[in-house]
Amino acid sequence: MYAYTPCARETYEFIINNTPTDCVIAFDKPRALYLNTERVSFCASTNGHSLDEADYLMCCAGADEELLTPERRTEFTPIFSNAEFTLYQKNT
């Protein structure tokens, strides 16, 4: 639903220009993210994956925000946001 909106294109452009090409991004739609950014992505709630494997977390219109429990919220910092997406970077 949100894969090709202006906000999505803006987010993909940010990812392309501001993240390492070898980073890993947790996102609910990993194939769409890979096709548009060439960044490896996975769904954190599928196939035993967890946020521990991610360098970044991308949330769409509030979806996946529940992954950032109060304990996890301190592990990630928002680095980009628009009306539809928020991109969080894992703190190092």
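Calculation notes
- Residues numbered from 1 in each chain as written.
- Predicted model: local features only at pLDDT ≥ 70, side-chain atom pairs only at ≥ 80, totals over all residues.
- Heavy atoms only, no water.
- Helix = DSSP H or I, 4+ residues; strand = E, 2+ residues; numbered from the N terminus.
- Buried < 20%, exposed > 50% of the residue type's maximum accessible area, 1.4 Å probe, protein only.
- Contact = heavy atoms within 4.5 Å.
- Axes fitted to C-alpha atoms, helices over the stretch in contact; angles between N-to-C directions.
- Left-handed = near helix turned anticlockwise from the far one by under 90°.
- Pairing = 2+ DSSP bridges.
- Salt bridge = Lys/Arg side-chain N within 4 Å of Asp/Glu carboxyl O.

Asker: So, the environment of Arg73: which residues are in play, and what are the values?
Answerer: In this structure, Arg73 sits in helix H3 (residues 70-73). Among the residues examined, Arg73 registers a relative accessible area of 40% and is labelled partly exposed. Between the C-alpha atoms of Arg73 and Lys90, which are 17 residues apart in sequence, the distance is 9.6 Å. Beyond its immediate sequence surroundings of up to four residues, Arg73 is in contact with Glu65, Leu68 and Tyr88.

Asker: Which residues make up unusual backbone geometry, and what are the values?
Answerer: Phi is positive for Glu38, close to 60°, though the residue is something other than glycine. For Asn47, which is not glycine, the phi dihedral falls at a positive 55°. As for its placement among the helices and strands, Asn47 is situated in the loop between strand E2 (40-42) and strand E3 (56-60). Classification of Asn47 by relative accessible area gives exposed; the value is 72%.

Asker: Any details on the packing of helix H1 (residues 6-18) against helix H2 (residues 30-37)? Residues and values, ideally.
Answerer: Relative orientation of the contacting elements H1 and H2 amounts to 60°, with a least axis distance of 9 Å. For the pair H1 and H2, the crossing hand works out as right-handed. Packed against H1, whose contacting residues are Tyr12, Ile15 and Ile16, the element H2 presents Ala32, Leu33, Asn36 and Thr37 at the interface.

Asker: Could you give an account of the pairing of strand E4 (residues 76-81), naming the residues involved and the relevant values?
Answerer: Pairing of E4 with strand E5 (residues 85-90) involves five bridges; the strand directions are antiparallel. Among the inter-strand pairings, Pro78 is bridged to a residue of E5, identified as Tyr88. The antiparallel pairing of E4 with E5 creates a hairpin that spans three residues between the two strands.

Asker: Mind laying out the pattern of salt bridges, listing which residues take part and the relevant values?
Answerer: Enumeration over the complete set of coordinates arrives at two salt bridges. Between Arg72 and Asp52 there is a salt bridge; the shortest N-O distance is 2.8 Å. One end of the pair, Arg72, is in helix H3; the other, Asp52, is in the loop between E2 and E3, and 20 residues separate them in sequence. Residue Arg72 is classed as buried on the basis of its relative accessible area, which comes to 17%. Since its relative accessible area comes to 53%, Asp52 is described here as exposed. For the salt bridge of Glu75 with Arg72, the shortest nitrogen-to-oxygen distance reads 3.0 Å. Residues joined by salt bridges that share partners form a network here, namely Asp52, Arg72 and Glu75.

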